[in-house]
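Chain by chain, the residues:
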Amino acid sequence: MELRVLPVEASQKKPIPTDDAKLGFGRVFSDHMFQMEYSTAKGWHNARIEPYHELSLDPACTVLHYGQEAFEGLKAYRGDQDGIFLFRHRDNLRRMNASCRRLVMPEIDIDFVSDALKKLVLLDRDWIPRSPGCALYIRPNIIGVDPFLGVKPAESFIFYIIVGPVGAYYPEGFNPVSIWVSDRYVRAVRGGIGEAKTGGNYAASLLAQKEAKQKGFSQVLWLDAIHRKYIEEVGTMNIFFMFDDEVATSPLDGSILPGITRDSVIQILRKWGVPVVERKFSIDEVISAQKSGALKEVFGTGTAAIISPVATIHYQGHNYTVADGKTGPLSQRLYDFLLDIQYGRKPDPFGWVERID
Ligand SMILES: *Cc1c(COP(=O)(O)O)cnc(C)c1O
């Protein structure tokens, strides 16, 4: 398939934000986007990078009623000497294909889309912020667009990628967060769509997230849907607990999103010789470890924050403080290491980082 590039006219270019401190997350998008369409007859076709534009959709189309869609989230980093770096981006595209299989959508060609993604990032390279911790966020999305209300998998799809500058997740420094353990709502159950990166999981989480925010907590910690006791993950992050010298995270057994940051952290800890296990553990185990002093650190992992230390866990009316409410040394070391390799400041012993210019 050919990739056409239709650049925006100079007079139509949007102003690039100049104050990186005000960027926030996901509000500003660059001048261009990648798009292609799928039909049963033609497969993926009409691939192009063109000016950022609104989509025109039939009001009956599949995604708007039955949520047939999947997305990804990754970043391009501007490092020293203006180098532009991607982190494990092919793993994001592989995971998108796994989500597509689960949601009965056509897979994308990883080589082709990887190439298109790099061309898009380089075309809009002036949009990649320079301040520390800032990056260009990349959002691939695939949606079913049959103009038909019957419940069945769509036969026509749109895949697109939009990009935009995002601010540092911790503008005032590396700040631990507080999390609310939900014992009322559940996010996903084995056999459902919890391991796919799809909008439906987020729709299911919004009410719990709203209630947690109202109570002053920044994220929800989900328990398993059957026993309501095993730790699963946080709103947009996987989660790790350090019990004495051992780090534990929940196994990928069908209801948890297989985070790329999660996998990276496991591999880094193994390389550092820090014991790390994927095993089931319950909220009761966490609380008794907190009471006995065995719970040393808790941190979330995900592309947005990279590492997010947890200061407080709220469960059934009680607040439990972790690491004296501060950032623990392991969280800090992981954060520094990951950012150093993502911005090309330190050698990457894993082969995860690719310089694209
Ligand atoms: C995207 C996501 C994560 C984190 O995945 P990364 O690949 O590390 O960014 C974790 N949990 C959920 C529910 C997610 O959607």
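Residues numbered from 1 in each chain as written. Predicted model: local features only at pLDDT ≥ 70, side-chain atom pairs only at ≥ 80, totals over all residues. Heavy atoms only, no water.

### Some points on the nonpolar core
It is characteristic of soluble globular proteins that their nonpolar side chains tend to be buried jointly. Put simply, the test is: The definition of a nonpolar core used throughout is a set of buried Ala, Val, Leu, Ile, Met, Phe, Trp, Tyr and Cys residues joined through side-chain atoms within 4.5 Å. Relative accessibility under 20% of the residue-type maximum defines a buried residue, over 50% an exposed one, and the middle range a partly exposed one, all with a 1.4 Å probe and only protein chains included. Here a strand is any run of E in DSSP of at least two residues, a helix any run of H or I of at least four, and the numbering for each starts at the N terminus.
Ranked by internal contacts, the top residues of the largest apolar core, which has 36 residues, are F34, M36, V121, I138, I142, F159 and I161. Counting residues per element, the ones that place at least two in this core are β2 (32–39), β3 (43–51), β5 (74–78), β6 (84–87), α2 (89–102), α3 (110–123), β7 (135–144) and β8 (156–166). When residues of this core are assigned to their parent elements, the largest contribution, seven residues, is made by α3. Core analysis: the second largest hydrophobic core is formed by 32 residues, F240, M242, A305 and I341 among them.

### A word on a nonpolar patch on the surface
Test applied: Here, patches come from residues exposed beyond 30% relative accessible area and free of salt bridges, joined within 9 Å for like charges and within 5 Å for nonpolar side chains (Val, Leu, Ile, Met, Phe, Trp, Tyr). Per-residue accessibility takes into account occlusion by the displayed protein chains alone, with areas from the Shrake-Rupley method and a 1.4 Å probe. What makes a salt bridge here is a side-chain nitrogen of Lys or Arg within 4 Å of a carboxyl oxygen of Asp or Glu, nothing more.
Residues L55, L57 and L64 make up a contiguous nonpolar surface patch of about 220 Å² in total accessible area. Mapping L55 onto the fold places it in the loop between β3 and α1 (62–66).

### Points about the pattern of salt bridges
Counting across every chain of the model gives 22 salt bridges. Its salt-bridge partner being D19, residue K22 comes within 3.4 Å of it at the nearest N-O pair. On the basis of relative accessible area, D19 is assigned to the partly exposed category, the value being 34%. Across the pair D82 and R78 runs a salt bridge whose closest N-O atoms are separated by 3.4 Å.

### Quick look at the environment of A135
Counted only if it meets this: The contact rule is simple, with two residues in contact once any of their heavy atoms fall within 4.5 Å.
The residue A135 is located in strand β7 in this model. Classification of A135 as buried rests on a relative accessible area of 0%. Once you skip the residues sitting within four places of it in the chain, A135 turns out to touch K75, A76, Y77, P129, G164, P165, V166 and Y343.

### Section: the site of the ligand
Rules: It suffices for a single heavy atom of a residue to lie within 4 Å of a molecule or strand for the residue to be listed as near it. Between N or O atoms, a polar contact is any pair within 3.5 Å; within protein, one atom must be a potential hydrogen donor and the other a potential acceptor, and residues adjacent in sequence are included only when both atoms are from side chains. Nonpolar residues are Ala, Val, Leu, Ile, Met, Phe, Trp, Tyr, Cys and Pro. Charged residues are Asp, Glu, Lys and Arg, and all others, Gly as well, are polar.
Around the ligand sit 15 residues in total, of which K197, Y202, E233, T261 and T303 are the nearest. Side-chain polar atom of K197 to an oxygen atom of the ligand: 2.7 Å apart, as the coordinates give it. Y202 is positioned with one of its side-chain polar atoms (N or O) 2.4 Å from an oxygen atom of the ligand. Burial of the ligand by the surrounding chains reaches 97%, relative to a free accessible area of 380 Å². Of the residues that constitute the shell around the ligand, the class distribution is four nonpolar, seven polar and four charged.

### Quick look at the packing of helix α5 (residues 260–272) against helix α7 (residues 329–342)
Here is the rule: Axes here mean lines fitted to C-alpha atoms, for a helix over just the part in contact, with angles spanning 0 to 180 degrees between N-to-C directions. These descriptions rest on fixed angle ranges, namely under 35 degrees for roughly parallel, over 145 for roughly antiparallel, 65 to 115 for roughly perpendicular, and the rest for oblique.
Running from N to C, α5 and α7 cross one another at 105°; their axes reach a closest spacing of 11 Å. Between α5 and α7, the crossing angle belongs to the class labelled roughly perpendicular. In this structure, α5 contributes T261, S264, V265, I268, L269 and W272 to the contact, and α7 contributes L330, R333, L334, F337 and L338. Grouping the constituent residues of the contact of α5 with α7 by class yields eight nonpolar, two polar and one charged.

### Quick notes on α7
We count it as follows: Take the residue count of a helix, subtract one, and multiply by 1.5 Å to get its expected span.
For α7, which comprises 14 residues, the first-to-last C-alpha distance of 20 Å matches the rise-based estimate of 20 Å (1.5 Å per residue) to within 8%. Most of α7 is tucked away, with ten of its 14 residues classed as buried. The set of residues buried in α7 consists of L330, S331, L334, Y335, F337, L338, L339, D340, I341 and Q342. One or two positions beyond α7, positive phi appears at G344, with a value near 70°.

### Description of the environment of Y170
Relative to the assigned elements, Y170 resides in the loop between β8 and β9 (177–182). When residues no more than four places from it in sequence are discounted, the contact partners of Y170 are N175, A305, I307, S308, P309 and Y335.

Any link to function would need more than the numbers given here.
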